[in-house]
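Structural overview
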Amino acid sequence: MSLKLYNTLSRKKELFKPINPEKVGMYVCGPTVYDHAHIGNARPIIVFDVLYRLLRYLYGEAHVTYVRNITDVDDKINARAAQEGVSIGEITARTIKQFHEDIKALGVLPPDKEPRATEHIEGMIAMIKTLIERGHAYEADGHVLFSVSSDQSYGCLSNRSPDEMRAGARVDVASYKKDPMDFVLWKPSPQEARGGGGAGGKQTSLPGWDSPWGYGRPGWHIECSVMSEKYLGKTFDIHGGGADLIFPHHENEIAQSTCAHGNAVMAKYFVHNGYLQVEGEKMSKSLGNFITIHDLLKTEKFGGRKWPGDVLRLVMLKTHYRQPIDWTTKALEQAYGELYGWKEKILSLKVSFQEGNRDYYSGFPPAKTVIDHLKNDLNTAGAIAELHKLAKADDISDGHSLFATLNFLGLASFDSMARFETYQEGTTIIDDQDINVGRVEELIDNRNAAREARDWNEADRIRDELDAMGIVLKDGPERTTWEIKR
RNA sequence: GGCCACGUGGCGGAGUGGUGACGCAGCGGACUGCAAAUCCGUAUACCCCAGUUCGAUUCUGGGCGUGGCCUCCA
């Protein structure tokens, strides 16, 4: 059992001990839905999906609850709606749909709960009330602010003291704050915006809800404190997200939750994934290297081609989740070769993905060596090394094991393998490519006729023609197979 | 300026106080009309300095380098 996880709270790898092994809870901060999710957003989605799968394996599927929220009230959303001249609801609905399509291709399991901020406004108001009653928050100039000085342990997660942060502050402080560190729990929306996004009414620039402090909207952090309590309880096991959320988001969540709950610990383990860069540079719109999941899957913007979702996933898993990762074309190409090499190996071992085999393979356990690596703070790179070892095997049960392990890691499914098998002849993915299969096979027939006649010039000419189409041939002992050039 | 993370062979990337993971590329060989694929074999590393130690890439200190965070709204 002994799962070890690096806990940001202690900055150490710790033995994971669930509060209740019958009910393991994990909360992960999901996307703010104002634009396509970018590849940096994909990292926590994939990392925590692996952790979710591992927890389900260790504690049983029925005993793990994974909550990943959707932030659908945020000023970035408001700005986007105003910019496009459409309603806030239109922006969020469109973005959520796109998000789900994108991450489905990444092989992630749906979380057990996917709560939305706008559906929990009442809970937020209630928690803010409690914080005011307990002297942890105050109303000022239409805002409600959390009083950082009222929380003795503020800074425990990000390991900084409020004093240091005050000294280092570089931003002008709003005049209504008692302390520069105080952060917003509730802020006013203009009355003329009434009927806006929050209530789903006419198009306006700002959403709002009635509250004891007037018409307004919640600050960013309060939603996670409220929703995690609602679905997982006051104290739960794992809280995850990107390292960029450590401060201020998670720090503020902890402050809100512990103060609202009479000092109960919010989450026992805080787990954070590292940053992602693109070709050695920080990803930013101004640098022009901003890359979305959708761009990678469906366009040729990155590396001049489309990339299969399982390849994107493997690239993420090849680097340990806490390490920085550099997103490069080269890394994608290499992962492509590795992943499809494994898949070809599985088929070469005569593992068949005909419908009747589905149940048999689904019951095949993942390799223990891989599980062992994952139990060591999600050492996916070590796990992948084990996959390479498995792939050296040469009997069918090893093929089953390799498939089961890839399946466990979300890198192959029965359906994707069945599709792959149908196109066997060595093809990789045809799905997203515009390949005229009939034409390809016709040319191959012509070439083989030329080879039969020992007309090597013509045979080579046809191979060059196919090469120009992006097709690579392999002359086997029985027949000629082909695949899309990688 | 404060805080944090990271620095391994041509590239990616684990790990460890003492037998130099793993993959890709490279090189040699088998196979092949030629290729591709596949198979076998193989060289190359632990940012710098000092300390602890019988011994450090692994621990400690310093330096250098890279990246990140330093409060909603702007």
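Because the structure is predicted, anything quoted here is derived from the model rather than measured. (Residues numbered from 1 in each chain as written. Chains lettered and ligands numbered in written order. Predicted model: local features only at pLDDT ≥ 70, side-chain atom pairs only at ≥ 80, totals over all residues. Heavy atoms only, no water.)

Examining the pattern of salt bridges
Overall, the coordinates contain 27 salt bridges when judged by the stated rule. Across the pair Arg 358 and Asp 415 runs a salt bridge, and its minimum N-O distance is 2.7 Å. Taken together, the positions of Arg 358 in helix 11 (residues 358–362) and Asp 415 in helix 15 (residues 414–422) put the pair 57 residues apart, joining distant regions of the chain. Residue classification places Asp 415 among the partly exposed positions, given a relative accessible area of 41%. When salt bridges with common partners are traced through the structure, they connect Arg 439, Glu 442, Glu 458, Arg 461 and Glu 465 into a single cluster. (Salt bridge = Lys/Arg side-chain N within 4 Å of Asp/Glu carboxyl O. Helix = DSSP H or I, 4+ residues; strand = E, 2+ residues; numbered from the N terminus. Buried < 20%, exposed > 50% of the residue type's maximum accessible area, 1.4 Å probe, protein only.)

Notes on the packing of aromatic side chains
According to the stated counting rule, one finds 17 aromatic pairs in the structure shown. Measuring from ring centre to ring centre gives 6.3 Å for Tyr 361 and Phe 414, while their planes differ by 40°; the resulting arrangement is tilted. Here Phe 414 lies in helix 15 and Tyr 361 lies in helix 11, a separation of 53 residues in the sequence. Phe 414 matches Tyr 361 in its accessibility class, with the two residues each being buried. Through a chain of ring-to-ring contacts, the aromatic side chains of Phe 353, Tyr 360, Tyr 361, Phe 364, Phe 403 and Phe 414 assemble into a single cluster. Looking at Arg 305, its charged tip hangs above the ring of Trp 307, at a distance of 4.7 Å from the centre. Its end group placed over the ring of Tyr 321, Arg 322 keeps NZ or CZ at 5.8 Å from the ring centre. (Phe/Tyr/Trp six-rings, centres within 6.5 Å; stacked < 30°, edge-to-face > 60°. Lys NZ or Arg CZ within 6 Å of the ring centre and 35° of its normal.)

So, the protein's contact with RNA strand B
Close contacts around RNA strand B come from 41 residues, with Pro 180, Tyr 275, His 320, Asp 460 and Arg 463 the closest. Counting only the atoms of RNA strand B that lie within 4 Å of the protein, the sugar and phosphate share comes to 51%. Thr 319 has a polar side-chain atom sitting 3.4 Å from a phosphate oxygen of RNA strand B. Taken together, the elements giving at least two residues each to the surface near RNA strand B come down to helix 5 (162–168), strand 7 (183–188), helix 10 (329–348), helix 13 (380–390), helix 16 (437–452), helix 17 (456–468) and strand 14 (471–475). In terms of residue count, the dominant contributor to the surface near RNA strand B is strand 14 (four residues). (Near = heavy atom within 4 Å. Polar contact = N/O pair within 3.5 Å; in protein donor to acceptor, adjacent residues only side chain to side chain.)

Section: helix 6 (residues 222–232)
Burial within helix 6 is extensive, with eight of its 11 residues counted as buried. For helix 6, every residue scored as buried is listed here: Ile 222, Glu 223, Cys 224, Ser 225, Val 226, Met 227, Ser 228 and Leu 232. Directly beyond the C-terminal end of helix 6, a positive phi value near 100° is found at Gly 233.

These figures capture arrangement, not role.
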